[in-house]
Structures are given as structure tokens and as C-alpha cells.
Amino acid sequence: MSIQLNNVNKRYSTASNARYAVQDVSLEVATGELFVLLGASGSGKSTLLRMIAGLIQPDGGRITLGGRDVTHLPPQARDTGFVFQNYSLFQHMTVAQNIAFGLTVRKRGVAPMNRAEREARVAQLLRLVELDGYDERMPYQLSGGQQQRIALARALAPNPAVLLLDEPFGALDVKIRGGLRARLRAIQQELNMTTILVTHDQEEAFELADRIGVIDQGELLEVGQPTQLYRRPTQRFTATFLGIANLLPAHRNSRAVHIGGQQIAAPAGTEALEGQNVDLMFRPEEVELAHSVADLRGQYVGVGVVESVSFAGAMERATIRLIDPLPDGVAVGHPASMGHPSAMIATETADIARHSTAELPLIQVVLMPGAARALEIARGQRVCVGVRDYTLLAKS
Amino acid sequence: MRELRPRSAGAFLLIALVLGYAFVLVLAPIGAIIGGTLERGFAPVLDALDDPNLSHALQLTFILSISATTLNVVFGVIVSWVLERQRFMGRRLLNLLVDLPFVFSPVIAGFTLIVLFGRGGWIDPPFAIVFALPGMLLAKMFVCLPFVPREVSPVLATLSPEPEQAAYTLGASRWTTFRRIVLPSIWVGVVYGAVLTLARALGEFGAVAVVSGGLEGITETATIYIYRALSDRNRVGAYTVSLLLGGIAVLLLVVMTWLQARMNVNRERRAYVHSIE
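Note that the coordinates shown come from a computational prediction; the quantities given were computed from them, not determined experimentally.

Visitor: Can you explain the pairing of strand β17 (residues 315-324) of chain A? Please cite residues and give values.
Guide: Residues and elements named next belong to chain A. Of the pairings in the sheet, the one linking strand β16 (residues 299-312) to β17 comprises 9 bridges and is antiparallel in character. Its bridge partner lying in β17, Ser 308 is registered against Thr 319. The loop that links β16 with its antiparallel partner β17 comprises 2 residues; one of these, Gly 313, has a positive phi angle of about 80 degrees. Here 6 bridges tie β17 to strand β18 (residues 362-367), and the two strands are oriented antiparallel to one another. Paired with Ile 320 across the two strands is Ile 363, which belongs to β18.

Visitor: An account of the pattern of salt bridges is requested, with residue identities and associated values reported.
Guide: Residue and element names in this part refer to chain A. Going through the model one piece at a time under the given rule, you end up with 24 salt bridges over all chains. Linking Glu 207 and Arg 181 is a salt bridge whose minimum nitrogen-to-oxygen distance equals 2.8 Å. Remark: Arg 181 occurs in helix α5 (residues 174-191) and Glu 207 occurs in helix α6 (residues 202-208); sequence separation between them is 26 residues. Of the residues examined, Glu 207 reaches a relative accessible area of 43% and is grouped as partly exposed.

Visitor: Explain the domain arrangement of chain B to me, and be specific about the residues and the numbers.
Guide: Residue and element names in this part refer to chain B. As far as domains go, chain B holds domain 1 (17-50 + 233-277) and domain 2 (56-211). A straight line from the C-alpha centre of domain 1 to that of domain 2 covers 24 Å. Summing both sides of the interface, domain 1 and domain 2 together bury roughly 1200 Å²; the carbon and sulfur share of this comes to 84%. Our count for the contact surface shared by domain 1 and domain 2 stands at 0 salt bridges. At the boundary of domain 1 and domain 2, one finds 1 residue pair in polar contact (both at pLDDT 80 or more). A breakdown of the residues in the side of domain 1 that touches domain 2 according to their chemical character gives 9 nonpolar, 2 polar and 1 charged.

About the cut-offs
Residues numbered from 1 in each chain as written. Chains lettered and ligands numbered in written order. Predicted model: local features only at pLDDT ≥ 70, side-chain atom pairs only at ≥ 80, totals over all residues. Heavy atoms only, no water. Pairing = 2+ DSSP bridges. Helix = DSSP H or I, 4+ residues; strand = E, 2+ residues; numbered from the N terminus. Salt bridge = Lys/Arg side-chain N within 4 Å of Asp/Glu carboxyl O. Buried < 20%, exposed > 50% of the residue type's maximum accessible area, 1.4 Å probe, protein only. Domains from an automatic or database assignment. Buried area = accessible area lost by both parts, 1.4 Å probe. Polar contact = N/O pair within 3.5 Å; in protein donor to acceptor, adjacent residues only side chain to side chain. Nonpolar A, V, L, I, M, F, W, Y, C, P; charged D, E, K, R; others polar.

Written as C-alpha cells, this is what we have:
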């Protein structure tokens, strides 16, 4: 069943002032979709999830589940399955009793299940979460991952309209998270269950989501598919929250983007920014380094000096300080004594030593080991910098 | 912690002081009660037990104490739940009021009941409250009001509200959730509070003495019986009832110790759950 939010609000008032925990959020999640709400702690994402479940009352707006307005219904009448970060199993009940709880509760308009039906349903759910035979265990005899699987089974038992997961892997060991994510995704798709998952972990969001909604300070900033949000964010926050973002001050005119004296093709879909000062945004893995401009296959943006190179397992990370062209807004002509020129760069690039290098933009680069070896890059070396994929962000 | 070796003279002195303190204040009175009761053998004790006023006083004490405990457990649990799970104006005041009977003199409490419900009092009840059982019940309830909330509130406070919320989303009403999720998690605290309440109610004297009028065979409780027996120089009667009440108190202490061990087990179990997370 679909989930629809219209201008949902929640204020938290303290003695001195009222602040929005959730501000004017509108969103539609389609039937069978796995939607991830991504945000830092305190961004309001859990509050929003609890409002959908009816555990927190919104101050304004409308919440619709499968076309039914549930804004003013208590949690008991909303038909949602909720999974908490800390599992929150009923500690005094066995695994089977935990899962059967929602089946033993009398509900309006639904005939209660008899014992045989309940037992069959519990067995079915234990198979689904791959914990057959755990019926009689107590929660404290289970590992964290097993407890969370039981919590999922408990939430799914009454066959809810939607599934709501609040940081479900947050309390678990990194090692078992991966397996659990895959299992959750498989179960969600098997049941075609409309699901909202809340997390602060962008990797988790990428792996699970059909679509991601980025939330910050109570506002839903941007919604889109993982690749779209990662490669073509329209908000500065999205760009920096979903990984490392290189940002260079630039200007877009009708056809090209100017970075200092250089110009590169304007990316499609940024027509709205025509004639404005913008930020050129590109990911570290989209940076290309070469010894000459002719060797670059991407768009040439300028000359840089390698500030650092570090081994990071499957890849290498490098930091490049862009020295030419100097982007707009970067002051030149400071005496060396006023800036902080590193000795390394000073020897290699005497011509810029007069400038305050600390004000020149740094670019984060990720290189495949092969590319790094072929280049033989080392600290202090001058390189030509190109970008393969990039987008523009409006100046905030 | 292991004691220092060799023990210093100061340590010896301190241990002797503590033992002496416990002996004078606790052990000596208990010994005196046992000794006093059996001073002239069992025959006078059996005679004293034959006194219909004594058996009536004991009966009345049990009925009143158990009633007061039952009512205070029900209301005490509700008070705790409201204090811990609801946010409202005056919550702090209520929290403070719950402790009032701890610091309030029982005699004054009994007196206020007379002022409120006595003849010509502020509230004129259609049936007798003062110098009758309802007033005595109210007096006992007042005196031991704090015990259940003070035992249950801390347990509730450490209890995550999330299992309750999970139950709500699974369709359980507030009452079902309380009965099937909350109560099983707090029952040890509830029983501990109930035992404390019962112990206090059985031994209550001041408030009940004021509000009951202490009519022999009608509104006389066990403690009032002891008080009257002493002034009547009925030493054996006083000792016998004292020994009975004392024996029950010791029994309740044993139950409390066992309950405390249970609470520690629960806590360790929770700690274990946390450690494997």
C-alpha cells in the first residue's frame, strides 16, 4: 500500500523557543517501494517515521496509508509494522510468543486466529527470517542480529500495510550488517511490502533503496534514486552528505562553465543556473590525473600539485592542490611570509610560492591502483587535472 | 573489599561499635520480646490467645492491612505509570506529594482525617468514617502510600518505552499492553512494594490510634491492643501480640530478601543482553 505525506509538521517547543523537528514534509512512497530516509542524527527522520506509525502526533499536515487518512488514528488502528534500532523484543516472552503477539491481540473487524493458524503463521515467519526451530528460545539467548530478525518477523506477522524500520542495523556489528541487509531486501521484495527505512548510513541507503530522501534539520531536501542523488545532486547538503564532494567556485553562462580561465561544457539539466555563480561538483573517483592535457579523456580543469598520496587498500587516495587556473575569488599576490606555503611545493613550483597556497582549492582524488602506478605520482609533483563526470550546484 | 591486615585497633573499634549499635537497637528488643513472652512458659500465652478481644484485634489488623495494601498497590502502580509515562502540568508536584507520608507525622494524619470527616467536619459523610473502619483504612493507606510508587517508578523509568510502542503498532490497546508487556517487567518491584506496604500497615499505630478511638473488640487493632495491654499491666498479652507481629515482620523480611535477589537476576539478565549486543 502506498504512503502519502502532505505538509507534515512537528514542532518541539522548549521554554525559550519552538523549533521544527519536521517541517512541511510532503512525500509519496509507491506500493512495494523501499524508501530510505537518510539524515544525520537529530535531523527529524525518526520523528517522521514515528508520526507515520502514530507514535507521535503531527502538529499539522496529512498522513495517508493506502488512500486511508490516518492522521488522527491511534497506532493500533494504522496497520503498520515497526522495527526499532534496539530490537525491543518482549523480554519475558519466547520467540514464538513475541511473533504471535500481534496475532493474539483482538482487532476490530478481524476475526482472531485460532491456535493452529497462529502456530502455522509463526513457523512461516521463522522460515522467512531463517530462524526455524528457535520458537522456544528467550530473547536474551539470541545474538543482536537474531533478535533483530525476530523483531522483523514480529512486525510482519499481522501482515501490515506498510513496514517502518528505524535504524534497524544501527546496533549491530558491521560484519553481520551486510548479510542482514541483503536478507531484508529479499524479504521486502518477496512480500512486495511498502517500506520506509530510516538510517544515517549512506552506504546502507545506496545498497537498499529504490529511492532515497535526504532530510536535514527537519526538511526533506531532495528525493531521488541513489545514482541520481549521488551523481546529480541539486543541493549542497546532499552532495556532501552522500560521500565526498569536490566543490570549485565557477560561473555558468549559456554554453559553458568557467573555472578561472578554464572553461568546460555545461552539464545537461543545469539550464536554470545560467548566468549565475555556481559550484562545480565532482566526486573523487571522477577525477582524472595526467602528465599532459593531451592525455586526459575528461574535461581539463587545471594544473595541480600533489599534496599527499595514501594507500587505502583497493584504491589510492590523493589530495591535489589546484594552482592554475586560480579560481575567481581567490586572492593572489600575498607575500609568502603571510601564507603557509609548504616547503615541498615551494621547491617544485617556485612560481606560485609567492601566493598563499592555503587559499587554493584542494581536490580529493581516488585512483585505481593501476592508474596510480602508471602515473607514478608522488608528493610535490605537478599534474594535469581532468573531470569525467560533474554537475553544478547553486550558490547557497 | 578485603579488610586490612593486620587489623588496626581502629578497625576493631569500628566493628564493635556497629555490632553494639545493631544489638542495642535490633537484637535486644527481639530477644526481650521472645524472653518476655515465654517468661512463665506456654500456659499464660495460650490463655492470652483465648482473649476474644485479641483475636478480634488480629483479625481486624489483617483485614485492614490487606485491604490497604491491595488498594495502594492498584493506585500506586497507576501513579507510577502516570508519573513515568505521561508529561503534564503538576507532575513534579504529584511526585513530591507521593513522598509526603514519609515526612508527615502519622498522628497528624489521623487528626486531619477527624477534621475532614468527623462530626461537624469539613465533609459530612452519610456513613461513619471516623472512629470506624473506613477512617482506619484511609489512615493505613495514607501512611504506606509512598512504598509502591517508590519501588515501581524507578523500575518503570529504566524500562524502555519502545516495547510498549511496538505493542501499540501491533494493535494492542493500552490496557492489553500494560497487562501483557509492562506488568510482567515490573512485577517484582510491585510485589516488593506490596510487601513493604503490608509490613508497614501491620505495624501502623499512630494514625490509626487517633482515628479509630480504640474501642475494644470493635475498632481495636493489634498495635492498639498492645498499647492497651501495657497500660492494663497485661504483660503476657502485650508480649504475645508483639511476638506474632514481629514474627510476621521477619517472615516478610525473608520474602523481601528473596525478591531482591530476583531483581538482581533480572538486572544481570538485562546486562547480559546488553553485553552480547
